[in-house]
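Structural characterization, general
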Amino acid sequence: MCQTINGGVCAAQGFRAAGLHVGVKTHATWKKDVALIVSDVPCTAAAMFTKNVVKAAPIHVTRDHLAKGSVRAVIANSGNANACAPQGEENAERMCAAAAKAIGCAPEEVLVASTGVIGQTLNVKVIEDGVPELYGLLERSDEASDAAAHAIMTTDTVKKEVAVEATVGGKTVHIGGIAKGSGMIHPNMGTMLCFITTDCAISQEMLQEALGEVVRTTFNRISVDGDTSTNDTCCVLANGLAGNPEISEKNESYVDFLLKLHEVCYHLARSMAKDGEGAKHLITCTVRGAATEEQAESISKSIISSTLTKAAIFGCDANWGRVLCAMGYSGEKFDPERVDVAFASEAGEILVCKAGRGLDFDEALAKKILTEDEVDIDVTMAEGDESCTCWGCDITYDYIKINGDYRT
């Protein structure tokens, strides 16, 4: 686990944030539904988006704005995905324009994101009307980051927020992030939104490179329900106020920055998996002894995405056969008679399968291990020396309840 500091997206110098209820969420007037993050100076920015062919309007607008140069702010709403909706791009642009007017920058310097119900027209007027008050609430404080983190939540039960610091180029650099994600999580990027701020000076090319490296080993290794969202967005803004020499190549400073960015994304990704809709258990699956990292990742993701495995963990049932089965349909070739499977948690560890065959294990101990809220599935193969860890959660009755009437 990473050593964190306070501040969230306000930990980095020059960043302020706010969150407010403006009326997008008409059924929950006590919940904040619009967030604003602003840098005092222009930023370099990078982003990654869903690989779903069906993409929400804010993604198209944000991509367009990123291509035009520097960025000053991000505005995001919850309660409506603005995906497959009438006037989608127009309403996303109107959100950017409203924020830009309050900030005093060009609309193209504002990135936009949305999350919530798909296919319904976004009530953009309540956002436009609420932006002046939202702007007036901007602060650089723990409370301001907290408000922004809560404003992007949908079915999340807890906020996802973290910040770290590092020494880069002889200067103290801060990186902070907020995220939302609880259901419709199966990245290639998981509905997840993630906004990261840093005062590190880094070129756009290196920032995009770093984000791509980190997303591959964090957000793209979690799954809640196997559904890849239309709205997944992860963006990072860097304003350079830490005063370090700009990172423009893959040198020691780049590696220092990359490691801390990874800590932030690791923390947020793991938090999403743990807060899966209705979930009672966080599942961490590590596959060792694979021929390649790609093979280990494919098998590990197959295991955490298996509905039957997730159901077994919910029932605290050491049904290791479901793990081996999920490995078998991963699409990867391996020798099943050279596979060991063990379950572990704070209550202990138990080997349940050796060389592809079941063992006569202590069922009572196995149940005790699986009763803990964080459970590890450890798989050892004999194909090579590579490994990979992915994160998921169990599936419960509450998942069906939450999603059975999500729209209505």
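Structure: above.
Residues numbered from 1 in each chain as written. Predicted model: local features only at pLDDT ≥ 70, side-chain atom pairs only at ≥ 80, totals over all residues. Heavy atoms only, no water.

**Observations regarding the environment of Leu111**
Tracing the chain through its elements places Leu111 in strand 4 (residues 110–117). Given the relative accessible area of 1%, Leu111 is considered buried. Taking the C-alpha atoms as reference, Leu111 lies 9.8 Å from Ile37; in sequence the two are 74 residues apart. What Leu111 contacts, discounting residues up to four positions off in sequence, is Thr62, His65, Leu66, Val71, Ala73, Val74, Ile75, Cys96, Cys235 and Leu237. (Helix = DSSP H or I, 4+ residues; strand = E, 2+ residues; numbered from the N terminus. Buried < 20%, exposed > 50% of the residue type's maximum accessible area, 1.4 Å probe, protein only. Contact = heavy atoms within 4.5 Å.)

**Comments concerning a negative patch on the surface**
A grouping of Asp317, Asp360, Asp362 and Glu363 is seen on the molecular surface, where their side chains present a negatively charged patch. By the secondary structure assignment, Asp317 is in the loop between helix 8 (307–314) and helix 9 (320–328). Of the residues examined, Asp317 reaches a relative accessible area of 37% and is grouped as partly exposed. (Patch = residues over 30% accessible without salt bridge, like charges linked within 9 Å, V, L, I, M, F, W, Y side chains within 5 Å. Areas by Shrake-Rupley, 256 points an atom, 1.4 Å probe, with all protein chains shown as cover. Salt bridge = Lys/Arg side-chain N within 4 Å of Asp/Glu carboxyl O. Lys, Arg positive; Asp, Glu negative; His and termini not counted. Charge placed at Lys NZ, Arg CZ, Asp CG, Glu CD.)

**Structural notes on the packing of helix 2 (residues 88–103) against helix 3 (residues 124–136)**
Where helix 2 contacts helix 3, the two axes come as close as 9 Å, and the packing angle between them is 20 degrees. With respect to helix 3, the axis of helix 2 lies roughly parallel. The two elements helix 2 and helix 3 meet at a crossing, and its hand is right-handed. Where helix 2 abuts helix 3, its residues Asn91, Arg94, Met95, Ala98, Ala99, Ala102 and Ile103 lie against Val124, Ile127, Glu128, Val131 and Tyr135. Along the lines of polarity and charge, the residues of the contact of helix 2 with helix 3 split into nine nonpolar, one polar and two charged. (Axes fitted to C-alpha atoms, helices over the stretch in contact; angles between N-to-C directions. Parallel < 35°, antiparallel > 145°, perpendicular 65-115°, else oblique. Left-handed = near helix turned anticlockwise from the far one by under 90°. Nonpolar A, V, L, I, M, F, W, Y, C, P; charged D, E, K, R; others polar.)

**What about the environment of Ser70?**
Tracing the chain through its elements places Ser70 in the loop between helix 1 (57–66) and strand 3 (71–80). Here Ser70 falls in the partly exposed class, since its relative accessible area comes to 33%. Residues within four places of Ser70 in sequence aside, it is in contact with Pro42, Cys43, Glu108 and Glu109.

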